[in-house]
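Below, each chain spelled out in residue letters.
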Amino acid sequence: MISANLSAIFYLVSGVLFILALRGLSSPETSRQGNLFGILGMIIAVTVTFLSIGTFSSGFIFVIIFIVVGGSIGAFIAYRIPMTAMPELVAGFHSLVGLAAVFVAISAFLNPVAFNLGSPGNIKLGSLIEMSIGAAVGAITFSGSVIAFLKLQGIMSGSPITFKGQHPLNAIILISIIILIYLLCSTQSSNLFWILLFVSFLIGFLLIIPIGGADMPVVISMLNSYSGWAAAGIGFTLENTALIITGALVGSSGAILSYIMCKGMNRSFFNVILGGFGATDDTSSKSSKEQRPVKSGNADDAAFLMKNASSVIIVPGYGMAVAQAQHALREMVDTLKKNDIKVSYAIHPVAGRMPGHMNVLLAEANVPYDEVFELEEINNDFANADVAFVIGANDVTNPVAKTDPQSPIYGMPVLDVEKCKSVLFVKRSLSPGYAGIDNDLFYKENTLMLFADAKKMTEDITKNL
Amino acid sequence: MEIDPLIFRLSIFILSIFVGYYVVWSVTPSLHTPLMSVTNAISSVIIVGAIIAGLSGDPQSVFNTSSIFGFLAIALAAINIFGGFLVTQRMLAMYKKKKKEK
């Protein structure tokens, strides 16, 4: 048994270690050490909790059993999950944090004495407010993440689900959550607590269904942020510094990522949240459906172009992840490098289904991270490059974003792929991208379309090099 | 008059948001996916609340409604802690620099 003051100091230490864990991610060299700090912080927090409870009753055995069971499941998933499935995994993990927050809140509500918060039916007002906010945000995180997971996994259609009166309905539910929290605090009624949880689950579900597949980077970041605020809410209830610090860190981290993702699409946060983007193609895309000439080629032509280039920039997108083409791509690049061709990779902020998705896939395929560049770092280099190889990306290369104020993606930062001497565009068909608009790049003089599966095409090119 | 301890916790909270803001902006964009998985792992420090909840029963009967929710929360948080840290470790191990050529 250690004193409350001593354990509070240790919780603070573990909070600081978590800050260092995030700090480590400022560069790949320090990141591994940062992760160790995080693990150390977690070990300290759990150990201190054990010590502060003190009496080692039979319940401890069950605590250990549940940790071992959960831990083995987590470890198993962590080793088995393919890197292309990271977005689903992260969404799934968010839902667990949310649900854990809900469970802790329920437990504290049913048995406040154990948490030193008063007695059932007479919980301290401050604690009850914190608890109900934590529970509500946790529930929203849970159901929202489940929907995000189902959409990413393809179990649920990635296209937005919208219906009439959706926004007023959501607004009413959100207001009712605030009223419920107020009533709950004044009456301490357990029925209201359950209703609050139910309504929060419902709104989490309703908030995410209208958001489409390609907006998932924003959704995942946003849910990341929510899971942090839920943890912080519970941290206030439990008067635990480690939880408060961590909740604040995670909350602001998710918020910043959401901001970066929104900026990458030149859309406001509310625009994304309200959803429905890319649901149906509007008149503008239908009217321009006249046939325009397209140059298409085969692996042979592509290999010829690249062999004669002195520098190549590769633009990967979500399609590369779908086709699992990252390894084939690396092999192609290895062959190019043997021929003294300079190769670099250009990554758009919203390429893929979550922040940094493409970077992880390339890292998995053993691409050195110092050959991979962000949009601002590399965009000027397209003008001097000989070949741009677009694999699985589409909207993020569309020059329309710079030229046509009518376009829904106008103003979105795009990669200046068209400035290259020639563009190789690997795609299965001419179908428009997620935004539902035609890509002008397809019809440019210097573009050669390669209609094939990304992986197969890349392998064929390597053979022809 | 004494200051309510809540104010101290609120101060920690607000200052941590600022720390988080500056620390996260300095994270390199190529590590944004590991950032998300590691924040997942650390936010599962909620397990400390789950442990208190799980041990809230009396020694005669370990399981009551309240503690069962606690135990479930322990299992969920443990999945996240182990899964989150290990998958982050796995990803970070893949980030390599270019080998010295020539």
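The sections below set out a description of the structure shown in this document. (Residues numbered from 1 in each chain as written. Chains lettered and ligands numbered in written order. Predicted model: local features only at pLDDT ≥ 70, side-chain atom pairs only at ≥ 80, totals over all residues. Heavy atoms only, no water.)

**What about the environment of Val113(A)?**
(1) Moving on: Structurally, Val113(A) is set in the loop between α4 (86–110) and β1 (118–119).
(2) Moving on: Excluding its chain neighbours within four sequence positions, the residues that come into contact with Val113(A) are Gly118(A), Ser119(A) and Pro120(A). (Helix = DSSP H or I, 4+ residues; strand = E, 2+ residues; numbered from the N terminus. Contact = heavy atoms within 4.5 Å.)

**Thoughts on the interface of chain B and chain A**
(1) Moving on: Counting from both sides, the interface comprises 76 residues of chain B and, opposite them, 100 residues of chain A.
(2) Moving on: Both faces combined, the contact of chain B with chain A buries some 8,200 Å², and carbon together with sulfur accounts for 78% of it.
(3) Moving on: Contact with chain A buries area across many residues of chain B, yet Met36(B), Ile46(B) and Arg90(B) alone supply 9% of it, more than any other trio.
(4) Moving on: Inspection of the chain B/chain A interface yields one salt bridge.
(5) Moving on: With its nearest N and O atoms 3.6 Å apart, the salt bridge here joins Glu239(A) to Arg9(B).
(6) Moving on: Between chain B and chain A we count 14 residue pairs in polar contact (both at pLDDT 80 or more) in total.
(7) Moving on: Listing elements by their share of the side of chain B that touches chain A, those giving two or more residues are α1 (5–25), α2 (32–43), α3 (47–54) and α4 (65–92) of chain B.
(8) Moving on: Sort the elements by how many residues they give to the side of chain B that touches chain A and α4(B) lands first, with 25 residues.
(9) Moving on: In terms of residue class, the side of chain B that touches chain A is made up of 50 nonpolar, 21 polar and five charged. (Buried area = accessible area lost by both parts, 1.4 Å probe. Salt bridge = Lys/Arg side-chain N within 4 Å of Asp/Glu carboxyl O. Polar contact = N/O pair within 3.5 Å; in protein donor to acceptor, adjacent residues only side chain to side chain. Nonpolar A, V, L, I, M, F, W, Y, C, P; charged D, E, K, R; others polar.)

**Considerations on the pairing of strand β6 (residues 387–391) of chain A**
All names here are of chain A.
(1) Moving on: For β6, a buried count of five out of five residues is recorded, marking the element as mostly surrounded by other parts of the structure.
(2) Moving on: Taking every second residue as pointing to the same face, both faces of β6 are buried, with Val387, Phe389 and Ile391 on one and Ala388 and Val390 on the other.
(3) Moving on: For strand β3 (residues 311–316) and β6, the ladder comprises five bridges, and the chain directions are parallel. Bridge pairing links Ile313 to Ala388 in β6.
(4) Moving on: Note: β6 against strand β7 (residues 422–427), five bridges, orientation parallel. Bridge assignment links Ala388 to a residue of β7, and that residue is Val423. (Buried < 20%, exposed > 50% of the residue type's maximum accessible area, 1.4 Å probe, protein only. Pairing = 2+ DSSP bridges.)

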